[in-house]
Structures are given as C-alpha cells and as structure tokens.
Amino acid sequence: MIVASQNFTDPNIFVVVNVVNTLGIIMLIAIAKTLHGDNEPALLDTPGADMPARTPAG
C-alpha cells in the first residue's frame, strides 16, 4: 500500500492495489479453511500399540 500511495499519482491505482490485496487475503483464508480438515491431529489414535485389557478389581 505504501508503494501504491507514494509511486503513483492516480488515486485509482491505490484503490486497485487495496482491492487486490484484500481479495488475496480472502482467498488465502478460504484455502486455509478448506485444508484445515485434512490435517487434524488424531490425539486419541495410538497406531501400532495394543491397548491393555481392563479387568475388574476384586
């Protein structure tokens, strides 16, 4: 935004740069939300380990 405001005299350039920047951020947020479901950690999953059988006390 600093480049757009200092290097160009036309105010439309500033608007275009801000709109493109905002759309880029929105797209990155949408992509991050879509990819979020693929990498959820499985905290309770114990691969390769056998869970011990519970026996009643008594």
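Remember, predicted model here, so these are calculated numbers, not experimental data.

*Asks:* I'm lost on the overall build of the protein chain in this one. Help?
*Replies:* Looking only at helices and strands, the protein chain features two helices and zero strands. Taken across its 58 residues, the protein chain has 3% of its residues classed as buried. With the model as given, the accessible surface of the protein chain reaches about 5,700 Å², and the carbon-plus-sulfur share is 66%.

*Asks:* Which parts of the structure should I look at to understand a nonpolar patch on the surface?
*Replies:* A surface patch of nonpolar side chains, amounting to about 430 Å² of accessible area, comprises Phe14, Val15, Val19, Leu23 and Ile26. Topologically, isoleucine 26 is positioned in helix α2 (residues 11–36).

How each quantity is defined
- All residue numbers refer to position in the chain's written sequence, counted from 1.
- Note on the predicted model: pLDDT of at least 70 is required for a residue's local features to be given, and 80 or more for side-chain atom pairs to be given and counted; whole-chain, interface and lining totals, by contrast, use all residues.
- Side-chain metrics rest on all non-hydrogen atoms present in the structure, leaving aside hydrogens and water.
- Where helices and strands are cited, they refer to DSSP runs of H or I of at least four residues and of E of at least two residues respectively, numbered from the N terminus.
- For every residue, the accessible area obtained with a 1.4 Å probe (protein chains only) is divided by the maximum for its type, and the residue is called buried under 20%, exposed over 50%, and partly exposed between those limits.
- Each accessible area is a Shrake-Rupley estimate made with a 1.4 Å probe; only the visible protein chains count as cover when residues are assessed.
- Candidate patch residues must exceed 30% relative accessible area and have no salt bridge, after which like charges are joined if within 9 Å and Val, Leu, Ile, Met, Phe, Trp or Tyr side chains if within 5 Å.
- Salt-bridge detection follows one rule: a side-chain nitrogen of Lys or Arg within 4 Å of a carboxyl oxygen of Asp or Glu.

Function-wise, these values are silent; they only describe arrangement.
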